[in-house]
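# Architecture and fold: a report
Chain by chain, the residues:
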Amino acid sequence: MTDVTAAGRDKMPHHLAIIMDGNGRWAKARMLPRLMGHRKGAETVRMVVDECSKLGIGYLTLFAFSAENWSRPMSEVSALMNLLKKYIRMEVPRMMRDNVRFNVIGNRNDLPEDVRAELEDAITTTAGNTGLTLTLALSYGARQEIVHAAGLLAVDVAAGKVDPATVTERDFARYLYTSGLPDPDLLIRTSGEMRISNFLLWQLAYAELYFTDINWPDFSRQELLKAIADFQSRERRFGLTGEQLKARG
Ligand code: IPE
Ligand code: IPE
Ligand code: MG
């Protein structure tokens, strides 16, 4: 079995981001409706949240519904919204038990009122928790996020609160939905697709990317540990040479 060794624990990703993909194909391969794939996928979410908590990972961000996913058939969209609402309602007691702080990024205004109320309730209830920060990306698109941030910055510039000549990357990042979250160290995408699909374009600048052919409903604890072990074996150079890194220790 793949093991995350004790030594490897200090190289644990701080922030793990996941593009949970392949629910539909998982269902199709079993001649089941797509919704069954999403339901099974929700079980994988529960397992991954649990494992990340146990491993002491600080931040877990899951791409659950993209801004572009609104264009799917209406029946699938509403089934996903229903599933989301049920999932949140069921999971809040568990989040309280495990000290998980719940968070959402994306354009919340697009979400149905009842879903939004459920999300806001979960955010408020778990706000004081100090363990894993679980962020769901909902109605999220990275380009939309960057445009939104630029708009907020422009308002502050127009109000004379910010001098555009002095705006740093760090200043700009405060206008993103992810303000307050560290950048992801590791991005996992399941189902064999090797693309980012408009997820965290700004924040993933230096993330390690890990792709697996396994569909999200089949993604297991072993697979998660395998991805983390792979991450731990990589040398993150951030533009430097390998020799420079060695000299730094
Ligand atoms: C990921 O699975 C879940 C969402 C995007 C909501 P998909 O529904 O994209 O599954 P595939 O890619 O069609 O197999
Ligand atoms: C990305 O998956 C969005 C989520 C996982 C929520 P998609 O299935 O929507 O992405 P594409 O269409 O394959 O790029
Ligand atoms: Mg997909």
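Remember, predicted model here, so these are calculated numbers, not experimental data. (Residues numbered from 1 in each chain as written. Chains lettered and ligands numbered in written order. Predicted model: local features only at pLDDT ≥ 70, side-chain atom pairs only at ≥ 80, totals over all residues. Heavy atoms only, no water.)

### What to know about the sheet that holds strand 2 (residues 59-66)
Selection criterion: For two strands to pair, DSSP has to find at least two bridges joining them. Runs of H or I in DSSP of at least four residues are treated as helices and runs of E of at least two as strands, each being numbered from the N terminus. A fitted line through C-alpha atoms represents every axis, and for helices the fit uses only the stretch in contact; the resulting angles, taken between N-to-C directions, go from 0 to 180 degrees. The contact definition used throughout considers only heavy atoms, calling two residues in contact when any of these lie within 4.5 Å.
Taken in spatial order, the 6 strands line up as 3-4-2-1-5-6 in an open sheet, and their pairing is parallel. The sheet is open, and its two borders are formed by strand 3 (101-105) and strand 6 (208-211), each paired with just one other strand. Adjacent strand axes in the sheet meet at a mean angle of 20°, parallel and antiparallel pairs treated alike. Bridging between strand 1 (residues 15-19) and strand 5 (residues 186-189) involves 4 bridges; their strand directions are parallel. Its bridge partner lying in strand 5, leucine 16 is registered against leucine 186. The strands touched by helix 2 (residues 34-55) are strand 1, strand 2 and strand 4 (133-140); relative to strand 2, the strand with the most contacts, the crossing angle is about 160°. Those strands touched by helix 3 (residues 74-97) are strand 2, strand 3 and strand 4, and its axis lies near 165° from that of strand 4.

### With respect to the site of ligand 2
Using the following cut-off: For this description, a residue counts as near a given molecule or strand if any of its non-hydrogen atoms is within 4 Å of it. Pairs of N or O atoms within 3.5 Å make up the polar contacts considered here, provided that, within protein, one atom can donate a hydrogen while the other can accept it, and that residues adjacent in sequence are counted only when both atoms are side-chain atoms. For every accessible area listed, the method is Shrake-Rupley and the probe measures 1.4 Å; residues are considered covered only by the protein chains on display.
Ile19, Met20, Asp21, Phe63, Ala64, Phe65, Ser66, Asn69, Arg72, Arg189, Arg195 and Ser197 make up every residue found near ligand 2. Contacts to ligand 2 include asparagine 69, whose side-chain N or O atom sits 3.0 Å from an oxygen atom. In the environment of ligand 2, an oxygen atom lies 3.3 Å from a nitrogen or oxygen atom belonging to the side chain of arginine 72. Protein chains bury 77% of the 390 Å² of accessible surface belonging to ligand 2 in isolation.

### Topic: the site of ligand 1
As a reminder, the rule being used: Gly counts as polar in this scheme, as do all residues outside two lists: the nonpolar Ala, Val, Leu, Ile, Met, Phe, Trp, Tyr, Cys and Pro, and the charged Asp, Glu, Lys and Arg.
In the vicinity of ligand 1, the contacting residues are Met20, Asp21, Gly22, Asn23, Gly24, Arg25, Arg34, His38, Ala64, Asn69, Arg72 and Leu80. Between an oxygen atom of ligand 1 and a main-chain N or O atom of glycine 22, the distance comes to 3.4 Å. Residue glycine 24 places a main-chain N or O atom 2.9 Å away from an oxygen atom belonging to ligand 1. For ligand 1, the accessible surface in isolation is 380 Å², of which the surrounding protein chains cover 86%. Of the residues contributing to the shell around ligand 1, the split by class is 3 nonpolar, 5 polar and 4 charged.

### What about unusual backbone geometry?
Phi at methionine 31 takes a positive value of approximately 55°, unusual for a residue other than glycine. For methionine 31, the position within the fold is in the loop between helix 1 (23-29) and helix 2. Even without glycine at this site, serine 197 takes up a positive phi of about 50°. Here serine 197 shows up in the loop between strand 5 and strand 6.

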